[in-house]
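This is what each chain is made of:
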Amino acid sequence: RGALARPHSVARASTHTPEPDAMFATTSASAATQRSVLGGRRVAPRATRATSAVPALGRRDGRSAVVSVRAEFSVSKLTSVLAKKTQSDLDRVFKGTSKTRDRLSYMDEVLALWRLDDLEDTLDELEETLLSVDFGPATSAKVLDEIRERVEKGEIKTGAEVKAGLKTAIVNILTRANGGKSGPASLTLNETAGEPSVVLVVGVNGGGKTTTVGKLSHRFASESGAKVMLVPGDTFRAAAAEQLATWAERSAGVMASYKEGTKPGALCYQAVDEALAMGDVDVVLADTSGRLHTNCDLMDELVGVKKSIGKRMSNAPHETLLVLDGTTGLNMLNQAREFHAAVNVGGLILTKLDGTARGGAVVSVVDELQIPVKFVGVGEGMEDLQTFEPVSFVDALFPEDEA
């Protein structure tokens with residue numbers, strides 16, 4: 001690309017074949033703090049592995065440019081780091097679910113007075129409590145029917161066992177959507193050597209898609225060393241591209257080239273083409289315009305965006321993530337239905353959970369559509385987009401009584 005020639009010794013290896021479930025590699029040093037110019041286009045610097053043995057290269061302007069070596073990537077590495085939950089991660093989820101948890105705490109008062117003779121009255125009160133945080137009628141009934149059946153079989157005899165059984169039933173709903181596998185649901189990524197993974201992020205207006213794309217870029221780059229390209233596919237909202245460019249710089253990502261007025265389908269096609277031509281992009285994160293799920297024309301446009309990406313790269317996008325605003329409660333169920341029917345959603349991202357007492361709604365979405373939750377937003381900080389793990393989420397909603 002002209003301005004910076006790479007010697008053979010630091011070129012990206014093109015013959016490396018990743019392991020069966022691998023595509024990304026790691027870096028061990030922090031991102032550079034200045035931006036550089038590549039082929040006349042300004043790009044944010046990448047996270048690089050620290051080394052003292054890498055020579056400086058001559059540039060056409062007579063100055064020297066420091067080139068750092070980046071290790072190879074693997075999908076397994078990215079999957080592994082995203083799945084790890086530290087105590088600080090658990091604390092963030094616990095803090096972010098406080099409003100929903102406070103409303104559910106009435107359940108402890110009900111179960112403290114548990115008597116087998118009052119089973120139906122107790123179940124009615126538990127149902128009202130679940131409905132108050134938008135678990136939804138169908139999902140609440142399913143959970144409590146399981147409790148009733150276990151009580152009748154003699155498997156549950158105390159209030160504490162009722163609570164434990166309820167938590168188990170909810171965890172089962174959340175893990176069933178992940179093929180019954182425990183732990184976080186993995187992202188679907190491209191395992192073809194030399195090609196990037198393309199992730200399309202969709203949702204209604206105001207759900208936090210652009211911010212989510214930025215936070216995903218930060219996590220991918222900082223935790224696995226991925227080189228991420230961010231695509232400003234939100235062509236309707238003023239300043240959306242500028243906002244995304246800021247996230248690209250903060251996360252050491254690359255901003256895709258774009259022209260004002262380009263249709264979103266063409267823009268995403270060109271971005272994937274650019275990523276393939278660059279040869280060292282690991283993940284393409286495509287933002288999209290927010291749209292009402294009831295607007296058929298806008299939903300058809302989104303279908304067209306996905307098809308455009310697929311025309312440039314077979315089987316892309318490899319992952320389609322739906323961002324759901326936690327403050328909308330059960331309204332998110334209709335949104336999820338329509339988006340899933342249009343673009344076959346592969347995973348959910350629940351945002352703004354810290355600002356709502358309606359956190360149970362996502363369980364109803366998972367229960368009906370069998371789409372796993374993959375990330376949850378529990379605050380506005382860079383680190384507050386957390387990998388979703390069913391057990392820790394349910395534990396945060398229904399904590400054990402302190403002795």
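Residues numbered from 1 in each chain as written. Predicted model: local features only at pLDDT ≥ 70, side-chain atom pairs only at ≥ 80, totals over all residues. Heavy atoms only, no water.

Some thoughts on the overall build of the chain
Per the secondary structure count, the chain includes 14 helices and 12 strands. The proportion of buried residues among the 403 residues of the chain is 51%. In the chain, once contacts between residues fewer than 6 apart in sequence are set aside, the share between residues at least 24 apart is 77%. On the chain, roughly 18,200 Å² of surface is accessible, and the fraction owed to carbon and sulfur atoms is 49%. (Helix = DSSP H or I, 4+ residues; strand = E, 2+ residues; numbered from the N terminus. Buried < 20%, exposed > 50% of the residue type's maximum accessible area, 1.4 Å probe, protein only. Contact = heavy atoms within 4.5 Å. Areas by Shrake-Rupley, 256 points an atom, 1.4 Å probe, with all protein chains shown as cover.)

Points about helix α2 (residues 87-96)
Of all the positions in α2, only Asp89, Val93 and Gly96 are classed as buried. What you see down the axis of α2 is that its buried residues fit within an arc of 70°, all on one side. Opposite its buried face, α2 presents the exposed residues Gln87 and Lys95, each directed more than 90 degrees away. Residues of α2 that are buried make contact with α3 (98-104), β12 (385-387) and α14 (390-397). (Arc of directions from axis to C-beta.)

Thoughts on the environment of Tyr269
You can see Tyr269 is positioned in helix α10 (residues 264-278). Residue contacts for Tyr269: discarding those within four places in its chain leaves Ser308, Lys311 and Arg312.

What to know about the nonpolar core
Formed by 73 residues in total, the largest nonpolar core has its most connected members in Leu166, Ile170, Met229, Val231, Leu348, Phe393 and Phe398. Residue contributions to this core peak at seven residues, all from helix α7 (residues 159-176). When sequence neighbours within four positions are dropped, the list of residues in contact with Val231 reads Leu244, Ala256, Leu267, Cys268, Ala271, Val284, Leu285, Ala286 and Asp287. Ranked by size, the runner-up nonpolar core spans 23 residues in total, among them Val199, Val201, Val213 and Leu285. (Core = buried A, V, L, I, M, F, W, Y, C linked by side-chain atoms within 4.5 Å.)

Topic: helix α8 (residues 209-224)
Taking 1.5 Å per residue as the helical rise, α8 with its 16 residues ought to reach 22 Å, and the 22 Å between its terminal C-alpha atoms agrees with that figure. Trailing α8 by a residue or two, Gly225 shows a phi angle of about 75°, which is positive. (Expected span 1.5 Å × (residues − 1).)

Here's the deal with a negative patch on the surface
Residues Asp121, Asp124, Glu125 and Glu128 make up a contiguous surface patch of negative charge. Owing to a relative accessible area of 32%, Glu125 belongs among the partly exposed residues under this scheme. (Patch = residues over 30% accessible without salt bridge, like charges linked within 9 Å, V, L, I, M, F, W, Y side chains within 5 Å. Salt bridge = Lys/Arg side-chain N within 4 Å of Asp/Glu carboxyl O. Lys, Arg positive; Asp, Glu negative; His and termini not counted. Charge placed at Lys NZ, Arg CZ, Asp CG, Glu CD.)

Looking at the packing of aromatic side chains
Taken as a whole and judged by the stated rule, the model has one aromatic pair. When the ring of Phe388 is compared with that of Phe393, the centres are 5.0 Å apart and the planes differ by 50°; the resulting orientation is tilted. Each member of the pair, Phe388 together with Phe393, is buried. A cation over an aromatic ring shows up here: Arg101 above the ring of Phe94, its NZ or CZ 3.6 Å from the ring centre. When the ring centre of Trp247 is taken as reference, the NZ or CZ atom of Arg250 above it lies at 4.4 Å. (Phe/Tyr/Trp six-rings, centres within 6.5 Å; stacked < 30°, edge-to-face > 60°. Lys NZ or Arg CZ within 6 Å of the ring centre and 35° of its normal.)

Details of the packing of α7 against α14
At a minimum axis separation of 9 Å, α7 and α14 run at an interaxial angle of 145°. By crossing handedness, the relation of α7 to α14 is classed as right-handed. Counted together, Lys167, Ile170, Val171, Leu174 and Thr175 of α7 and Pro390, Val391, Phe393, Val394 and Asp395 of α14 form the full contact between these two elements. When grouped by side-chain class, the residues that make up the contact of α7 with α14 number seven nonpolar, one polar and two charged. (Axes fitted to C-alpha atoms, helices over the stretch in contact; angles between N-to-C directions. Left-handed = near helix turned anticlockwise from the far one by under 90°. Nonpolar A, V, L, I, M, F, W, Y, C, P; charged D, E, K, R; others polar.)

Some words on the confidence of the model for the chain
Per-chain confidence: the chain averages 82 in pLDDT, with 79% of residues scoring 70 or above. Low pLDDT (under 50) marks residues 1-70, which in the prediction has 142 contacts with non-local residues, meaning those over four places away or in another chain. (pLDDT = per-residue confidence, 0-100.)

Describing unusual backbone geometry
Here the residue pair Ala316 and Pro317 is connected by a cis peptide bond, since its omega of -5° sits within 30 degrees of zero. Along the chain, Pro317 falls in the loop between α11 (296-312) and β9 (319-325). Here Ala252, not a glycine, exhibits a phi torsion of approximately 60°, which is positive. Mapping Ala252 onto the fold places it in the loop between α9 (240-250) and β7 (254-255). By relative accessible area, Ala252 is classed as buried at 5%.

Things to note about the pairing of strand β11 (residues 373-377)
Across the five residues of β11, five count as buried, placing the element largely inside the fold. Here strand β10 (residues 347-351) pairs with β11 via three bridges, running parallel. If you follow Leu350 over to β11, its bridge partner there is Val376. Handedness of the β10-helix α13 (residues 361-369)-β11 crossover: right-handed. Pairing of β11 with β12 involves three bridges; the strand directions are antiparallel. Its bridge partner lying in β12, Val376 is registered against Gln386. (Pairing = 2+ DSSP bridges. Right-handed = clockwise from strand over helix to strand, strands pointing away.)

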